Amino acid sequence: MDFNHYKEAFIKESRKIGFSLPNIQRCLDYAEILFSHQVPVIYNPSHLSAIVGYKKEYLKKASLFPNYFYRDFEVLKKNGSKRLISEPLPSLKEIQIWILRNILYKVPISPFAKAYKPTVTLLENLRFHKNQPKIFTLDLENFFPSISVEVVEAEFLELGYSKIVSKLLSRLCTRNGNLPQGAPTSPYLSNLIFKQADTEIASYCKDYKIRYTRYADDMSFSGDFDHEELLKKVTKTVEKLNLHINAKKTKLMTPNMRQTVTGVVVNQKPQVIFHKRNELRQALYYIQKFGFEEHKIFKKINQNNYLEHLLGKINFVLQINPKDAEFIKYKAVLFDLKHKQDLRAIENELFPI
């Protein structure tokens, strides 16, 4: 429906319930701005409640007392430390997915941001940095937690939503004043909030013929340039957003070194780092020689979804090199194991001991 059809229908229904002409015009002026941004018209919290199918009281509680609407767990990072994941409970998650699909995805992000786009793969981030004189990578420290609810609210206000609607939407997407790691809305919101910084950094890079992409909190630069001057520029730019560069993860790579971007080697052609590929080779060797369960016992692996975990890693290798015959074979082996596991699970359910 375009705005003119919406306007006709709104005037007709509003007159039926006795809206005054000034009120009708105020509503239409508000709606026209939202139509121009191709996002849903939401007049107030009650209207949002009707649209998403949850009571207004639920939305209010989820926005005011978010700690009751998340479950927390930790995952191991590459360096051995732990990352806190805050996963929204199913009902709040459903509301966040609605906001993501119907509002956030309608807003374009920077072309230099390569993560969290529905139709873009990791290869899109890698191809710009293949076979370059220098690769310089930077990491944004505590990316999601550093993005405040006020900044998120400003994004909704920018689209034309009222103060009360913007406040509610921003609080439904945040927890304790910042973006939670685990909410489906956090990744795309981070891209929207970083859009101006992406533009400013890209403008500098264009002047100095530097290739630039950002994959979430990983910033990659390639070409022939003064990396110290670039670091000063990027640091100054991101600090405007209350973000900081993680000095421990700053890395300069020259052609005589292994050059990596988001964990993938890009010197000649994109390739997952050797030691990661080798770990998978060893795991598959032992699984095929001794058996899947025997391998888990020997390696003291207690992970319930270990098979799915291995498949995910192999799929990542194949995402970078889809024609890798060795890993296509490994994937087939794991699919066969998965099929047998599923059959045993069905059998146990139908014929319990």
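This structure is a prediction, so every number in the text was calculated from the model and none was measured.

**Notes on the overall build of the protein**
Scanning the protein for helices and strands turns up 15 helices and ten strands. The dimensions of the protein, computed from C-alpha atoms along their principal axes, are 80 × 70 × 35 Å. Residue pairs in contact within the protein that sit at least 24 positions apart in sequence constitute 65% of those at least 6 positions apart. Of the roughly 20300 Å² of accessible surface on the protein, 54% is carried by carbon and sulfur atoms. A gap of 2 Å separates the mean positions of the 54 positive and 37 negative side-chain charges of the protein.

**What to know about unusual backbone geometry**
Backbone geometry follows two general trends: most residues other than glycine have a negative phi, and most peptide bonds adopt the trans configuration. Here Asn142, not a glycine, exhibits a phi torsion of approximately 50 degrees, which is positive. With respect to the helices, strands and loops of the structure, Asn142 is situated in the loop between β3 (134–141) and α7 (149–159). Of note, the phi angle at Asn176 is positive, near 55 degrees, even though the residue is not glycine. Mapped onto the fold, Asn176 is located in the loop between α8 (163–172) and α9 (186–193).

**Remarks on the domain arrangement of the protein**
Each domain of the protein was delimited in the assignment, giving domain 1 (1–37), domain 2 (40–106 + 145–180), domain 3 (111–143 + 185–269) and domain 4 (271–350). For domain 2 and domain 4, the distance between their C-alpha centroids amounts to 36 Å.

**Structural notes on the packing of aromatic side chains**
Counted under the stated rule, the structure contains 18 aromatic pairs. Relative to Tyr43, the ring of Tyr30 lies with its centre 5.7 Å away and its plane at 40 degrees, an arrangement referred to as tilted. Of this pair, Tyr30 sits in helix α2 (residues 21–36) while Tyr43 is found in the loop between α2 and α3 (45–52), placing the two residues 13 residues apart along the sequence. Relative to Phe221, the ring of Tyr212 has its centre 5.0 Å away and its plane inclined at 15 degrees; by these criteria the two rings are stacked.

**Comments concerning the packing of helix α4 (residues 56–64) against helix α5 (residues 90–102)**
Orientation of α4 relative to α5, taken along the N-to-C sense of each, is 95 degrees, at an axis distance of 11 Å. Accordingly, the angle class assigned to the pair α4 and α5 is roughly perpendicular. Here Tyr58, Leu59 and Ala62 of α4 come into contact with α5, specifically with Ser91, Leu92 and Ile95. For the contact of α4 with α5, the class distribution of residues is five nonpolar, one polar and no charged.

**Brief notes about the pattern of salt bridges**
By the definition in use, this model includes 14 salt bridges. Of the charged contacts, one joins Lys232 and Glu229 as a salt bridge, the two residues approaching to 3.4 Å between their closest N and O atoms. On the criterion of helical spacing, the pair formed by Lys232 and Glu229 is a turn pair, its members being three residues apart in helix α11 (residues 227–239). By relative accessible area, which is 55% here, Lys232 ends up exposed. Judged by relative accessible area, Glu229 falls into the partly exposed class, the value being 37%. A salt bridge links Glu326 to Arg281, with the shortest nitrogen-to-oxygen separation between them at 2.6 Å.

**Topic: a nonpolar patch on the surface**
A contiguous nonpolar patch, built from Leu64, Phe65 and Tyr68 and spanning about 390 Å² of accessible area, is present on the exposed surface. Looking at where Leu64 falls in the secondary structure, it is placed in helix α4. Among the residues examined, Leu64 registers a relative accessible area of 52% and is labelled exposed.

**Structural notes on helix α1 (residues 3–16)**
Taking 1.5 Å per residue, 14 residues should reach 20 Å; α1 reaches 20 Å between its end C-alpha atoms and fits that length. Here α1 has its buried residues at Phe3, Tyr6, Phe10 and Ser14. Along the axis of α1, the buried residues cluster in a sector spanning 55 degrees; they form a single face. Exposed side chains of α1 directed beyond 90 degrees from the buried face belong to Asn4, Glu8, Lys12, Arg15 and Lys16. Where α1 is buried, its residues touch α2. One side-chain oxygen at the N-terminal end of α1 lies 3.3 Å from the backbone nitrogen of Asn4; it belongs to Asp2.

**Brief notes about the environment of Lys323**
Structurally, the position occupied by Lys323 is in the loop between α14 (306–320) and α15 (325–350). In sequence terms Lys323 and Leu169 are 154 residues apart; their C-alpha atoms lie 44 Å from each other.

**Brief notes about the packing of helix α12 (residues 274–290) against α14**
Two elements in contact, α12 and α14, have axes whose closest approach is 11 Å; the angle formed by their N-to-C orientations is 135 degrees. Judged by the angle between their axes, α12 and α14 are oblique. Crossing of α12 against α14: the hand is left-handed. In this structure, α12 contributes Arg277, Leu280, Ala283, Leu284 and Ile287 to the contact, and α14 contributes Tyr306, Leu310, Lys313, Ile314 and Val317. Along the lines of polarity and charge, the residues of the contact of α12 with α14 split into eight nonpolar, no polar and two charged.

**As for α4**
Three or more residues of α4 are buried, namely Tyr58, Leu59, Ala62 and Ser63. Axial view of α4: buried residues confined to an arc of 125 degrees, hence all on one face. The exposed set on the far side of α4, more than 90 degrees from its buried face, consists of Lys60 and Leu64. Here the buried face of α4 lies against α3, α5 and α8.

Definitions and cut-offs
- Along each chain, residue indices are assigned from 1 in the same order as the chain's sequence is written.
- Residue-level local features of this predicted model are given only where pLDDT is at least 70; pairs of side-chain atoms are given and counted only at 80 or more, and the full residue set underlies all totals for whole chains, interfaces and linings.
- Side-chain measures here rest on the full set of heavy atoms in the structure, leaving out hydrogens and waters.
- Here a helix means four or more residues in a row that DSSP labels H or I, a strand means two or more in a row labelled E, and each is numbered from the N terminus.
- Only heavy atoms matter for contacts: two residues are in contact if any of them lie within 4.5 Å across the pair.
- Reported accessibility uses the Shrake-Rupley method at a 1.4 Å probe radius. Residues are deemed covered only where the shown protein chains occlude them.
- Within this scheme the basic residues Lys and Arg register as positive and the acidic residues Asp and Glu register as negative, but His and the chain ends are omitted.
- Charge positions are represented by NZ for Lys, CZ for Arg, CG for Asp and CD for Glu.
- Those domain boundaries reflect an automatic or database domain assignment.
- The criterion for an aromatic pair is that two Phe, Tyr or Trp rings (for Trp, the six-membered ring) have centres within 6.5 Å, with stacked assigned to planes under 30 degrees apart, edge-to-face to planes over 60 apart and tilted to the rest.
- Each axis is a line fitted through C-alpha atoms, taken for helices only over the stretch in contact, and angles between the N-to-C directions span 0 to 180 degrees.
- Any angle between 65 and 115 degrees counts as roughly perpendicular, while under 35 counts as roughly parallel, over 145 as roughly antiparallel, and the rest as oblique.
- For this scheme, ten residues count as nonpolar: Ala, Val, Leu, Ile, Met, Phe, Trp, Tyr, Cys and Pro. Four count as charged, namely Asp, Glu, Lys and Arg, and the remainder, Gly too, count as polar.
- Salt bridge, as used here: a side-chain nitrogen of Lys or Arg that lies within 4 Å of a carboxyl oxygen of Asp or Glu.
- Exposure is judged per residue with a 1.4 Å probe applied to protein chains only, and the accessible area is read against the type maximum: over 50% gives exposed, under 20% gives buried, and values in between give partly exposed.
- Here the term patch refers to residues with relative accessible area over 30% and no salt bridge, with like charges joined within 9 Å and nonpolar side chains (Val, Leu, Ile, Met, Phe, Trp, Tyr) within 5 Å.
- One less than the residue count of a helix, multiplied by 1.5 Å, gives the span that helix is expected to have.
- Relevant arc is that of directions from the helix axis to the C-beta atoms, nothing else.
- For the purposes of these results, a polar contact is taken to be a pair of N or O atoms within 3.5 Å, where, inside protein, one atom must be able to donate a hydrogen and its partner to accept one; residues adjacent in sequence count only when each atom of the pair is a side-chain atom.
- Should the near helix be turned counterclockwise from the far one by less than a right angle, the crossing is left-handed, whereas a clockwise turn marks it as right-handed.

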